[in-house]
Amino acid sequence: MIMPNTLKQSLPIWSLDSFEPHISTETMFVHVNQLHKGYVDKLNAKFGPRILEIPPSVILGDLNSYFDNYEDREFYRNQMGGNVNHTLFWKIINPNPQPFRGNTKGLKKQIVDLGLKRFGSGWVWGCVNPKRNYELKLYSTANQDTPYMRGYIPIFCIDVWEHAYFLDYHGDRKSYLEIICEYIDFHKVDQIMKSVTQSNTDLLDLWVLGKRR
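Figured I'd write up the structure that's included with this text. Fair warning: this is a prediction, and the values are worked out from it, not measured in the lab.

**A closer look at the nonpolar core**
If you look at the biggest cluster of nonpolar residues, it comprises 58 residues, and the most contacted ones within it are Y76, M80, F89, I92, I93, I158 and Y176. Considering each element in turn, this core owes the most residues, seven residues, to helix α5 (residues 70–92). Not counting chain neighbours up to four residues away, the residues in contact with F89 comprise H31, W123, C157, I158, D159, Y176 and I180.

**Some remarks on the packing of aromatic side chains**
Inspection of every chain in the model, using the stated rule, returns 13 aromatic pairs. With centroids separated by 4.9 Å and ring planes inclined at 90°, the aromatic side chains of W14 and F19 adopt a geometry described as edge-to-face. Side by side, W14 and F19 carry an identical accessibility label, which is buried. One aromatic cluster is present, built from ring pairs that chain together W14, F19, F89, W90, W123, W125 and Y183.

**Concerning unusual backbone geometry**
The phi angle of most residues is negative, glycine excepted, and most peptide bonds adopt the trans form. Cis geometry marks the peptide bond from E20 to P21, where omega comes out at 0°. Along the chain, P21 turns up in the segment before α1 (25–46). In this model, N200 sits at a positive phi of 55°, which is unusual for a non-glycine residue. Assignment of secondary structure puts N200 in the loop between α9 (186–199) and α10 (203–208). Judged by its relative accessible area of 63%, N200 falls in the exposed class.

**A look at α1**
With 22 residues, α1 should cover 32 Å at 1.5 Å per step; its first-to-last C-alpha distance of 30 Å lies within 8% of that length. The largest bend along α1 reaches roughly 35° and is located at K37. Taken residue by residue, α1 has T27, M28, H31, V32, H36, G38, Y39, V40, L43 and N44 as its buried positions. Contacts from the buried residues of α1 go to α2 (49–52), α5, β3 (153–159) and α7 (166–169).

**Some words on the side chain of K188**
Its location among the elements puts K188 in helix α9. Setting aside residues no more than four positions away along its own chain, K188 makes contact with K91 and W207.

**Structural notes on the pattern of salt bridges**
If charged atoms from side chains of opposite charge come close, those side chains can pair. Overall, the coordinates contain eight salt bridges when judged by the stated rule. Between K109 and D113 there is a salt bridge whose closest N-O contact spans 2.9 Å. One end of the pair, K109, and the other, D113, are both in helix α6 (residues 105–117), four residues apart, so they sit about a helical turn from each other. Judged by relative accessible area, which is 29%, D113 ranks as partly exposed. Linking K174 and E178 is a salt bridge whose minimum nitrogen-to-oxygen distance equals 2.5 Å. Of this pair, K174 and E178 both sit in helix α8 (residues 173–181), separated by four residues, roughly a single helical turn. E178 sits in the partly exposed class, given a relative accessible area of 37%. Taken together, the shared-partner salt bridges connect E74, R77 and D145 into one network.

Conventions used here
Residues numbered from 1 in each chain as written. Predicted model: local features only at pLDDT ≥ 70, side-chain atom pairs only at ≥ 80, totals over all residues. Heavy atoms only, no water. Core = buried A, V, L, I, M, F, W, Y, C linked by side-chain atoms within 4.5 Å. Buried < 20%, exposed > 50% of the residue type's maximum accessible area, 1.4 Å probe, protein only. Helix = DSSP H or I, 4+ residues; strand = E, 2+ residues; numbered from the N terminus. Contact = heavy atoms within 4.5 Å. Phe/Tyr/Trp six-rings, centres within 6.5 Å; stacked < 30°, edge-to-face > 60°. Expected span 1.5 Å × (residues − 1). Bend = angle between axes of the 7 residues up to and from the residue. Salt bridge = Lys/Arg side-chain N within 4 Å of Asp/Glu carboxyl O.

The following block contains the structure:
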């Protein structure tokens, strides 16, 4: 039973069959209702409000200050990282993205290239560096690591774990990346970017903590 003051999973606003036939309903069901939900359930089982009510960006940016032992530190890093990453991923993909005036062709190519170069499981990130006038950075991380661990603020991400595409594309990560890039909602990405650069608000923290949809 979920007790008060525990994390709630931030669910996508689209239905699980919205990306058919390119991303199957089965893939999305497993991804949202089993894998992402599993991260939230494990966090709730392990930690109480003292940890779970702190913005994830704060803890992920300074893990050693919050956990004395390696096991708890790595557990939070992986489970909260999985929760944070998927929460943002559901926000920035859209089965019917609005037309975007900017030229995104080069950006999409960089995402595909970075995703293909990431060995094993991980994520491709677009993030900003608050110490360098919020310049945009694109890079990839392994497993469930986040830009917060480098002092960056994420504004979009693309999942390159095999569970995101294997049922539909098997080992063809390139085809998956090219398809998923067409579903990036750059209007939403722009909203997230403005929230960080103009109002110093991290929407992802608020979404994870259930304070804003």
